[in-house]
Amino acid sequence: MAYIVSRLCIDCVDKGCVEVCPVECIYEPKASEVGDMPNMLFIHPTECISCGACEPECPWGAIFEDRELPPSFEGDVEINARCEQQPSKFQVAHPHRDGEGRLVKAKRPDKALVSANRLKWQQ
Ligand code: SF4
Ligand code: SF4
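Please read these numbers as outputs of a predicted model, since none were measured by experiment.

## A closer look at the site of ligand 1
In the vicinity of ligand 1 there are 14 residues, among which C9, C12, G16, C17 and C58 approach most closely. For the shell around ligand 1, the residue count by class is 10 nonpolar, 1 polar and 3 charged.

See the structure below:
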């Protein structure tokens with residue numbers, strides 16, 4: 001059992017989820033690999049301890065426990081698993097910080113934006 005970042009994260013990647021993960025198991029592709037990857041974060045399926053801390057932190061509702069993943073996002077399980085299968089292509093994601101090291105939080109999207117994003121990806 002693990003949590004999954006769904007494609008609802010694509011192009012959002014504000015990294016609000018990363019700060020709260022107690023085991024640093026949320027990954028991003030290395031800069032040299034982004035061309036081959038969707039623009040999203042990835043949860044390592046065996047490092048994730050299923051604590052659930054990241055789920056409410058995601059303003060886009062992009063994170064699901066695997067057993068609660070909507071059927072239209074089932075393919076995202078395999079996408080998340082890439083960080084375990086191809087570890088040399090990934091690095092632990094770190095939250096955005098300003099020049100003085102302070103956490104930079106993205107502006108939270110309103111309900112309309114969240115709904116529009118869900119409609120865009122939930123085909
Ligand atoms: S908070 Fe949500 S949208 Fe932002 S990077 Fe994490 S999973 Fe993606
Ligand atoms: S469920 Fe917990 S351990 Fe798994 S990715 Fe989210 S915060 Fe990290």
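That covers the picture; the talk isn't over yet.
## A short note on the site of ligand 2
Taken together, 14 residues lie around ligand 2, and Y3, C21, C48, C51 and C54 are the ones closest in. Each residue belonging to the shell around ligand 2 can be placed in one class, and the counts come to 12 nonpolar, 2 polar and no charged.

## Quick word on the sheet that holds strand β2 (residues 26-29)
By definition, the strands of a sheet pair up through backbone hydrogen bonds, in either a parallel or an antiparallel sense. A sheet is described by the order of its strands in space; here 3 strands give the open sequence β3-β2-β5, paired in antiparallel fashion. Of all the strands in the sheet, the pair left with one neighbour each is β3 (42-43) and β5 (90-92). For β2 and β3, the ladder comprises 2 bridges, and the chain directions are antiparallel. Looking across to β3, one finds that I26 is bridged to I43.

## As for unusual backbone geometry
The phi angle at E24 is positive, at roughly 50 degrees, despite the residue not being glycine. Mapped onto the elements of the fold, E24 is located in the loop between β1 (3-5) and β2. Judged by the 12 C-beta atoms lying within 10 Å of it, E24 falls in the exposed class. Unusually for a residue other than glycine, S50 sits at a positive phi of about 55 degrees. Structurally, the position occupied by S50 is in the loop between β3 and β4 (63-65).

## Some thoughts on the nonpolar core
Of all hydrophobic cores here, the largest spans 25 residues; its most connected members are V5, C9, C17, I26, L41, I43 and A62. The set of elements that each furnish at least two residues to this core consists of β1, β2 and β3. Beyond its immediate chain neighbours, meaning those up to four positions away, A62 contacts V5, S6, L8, C9 and C12.

## Structural notes on helix α1 (residues 75-85)
Within the span of α1, buried status applies to D76, N80, R82 and C83. Considered in projection along α1, the buried side chains sweep an arc of 125 degrees and stay on one side of the axis. Projecting away from the buried face of α1 at angles above 90 degrees are the exposed residues G75, E78 and Q85.

## Details of the pairing of β2
The two faces of β2 match: I26 and E28 on one face and Y27 and P29 on the other face are all buried. Bridge analysis of β2 against β5 gives 3 bridges, and the strand direction is antiparallel. Note that in β5 the partner of Y27 across the bridge is V92.

Quick notes on the rules
Residues numbered from 1 in each chain as written. Chains lettered and ligands numbered in written order. Predicted model: local features only at pLDDT ≥ 70, side-chain atom pairs only at ≥ 80, totals over all residues. Near = placed C-beta within 6 Å. Nonpolar A, V, L, I, M, F, W, Y, C, P; charged D, E, K, R; others polar. Pairing = 2+ DSSP bridges. Helix = DSSP H or I, 4+ residues; strand = E, 2+ residues; numbered from the N terminus. Buried ≥ 20, exposed ≤ 12 C-beta atoms within 10 Å, placed from the backbone. Core = buried A, V, L, I, M, F, W, Y, C linked by C-beta atoms within 7 Å. Contact = placed C-beta atoms within 7 Å. Arc of directions from axis to C-beta.

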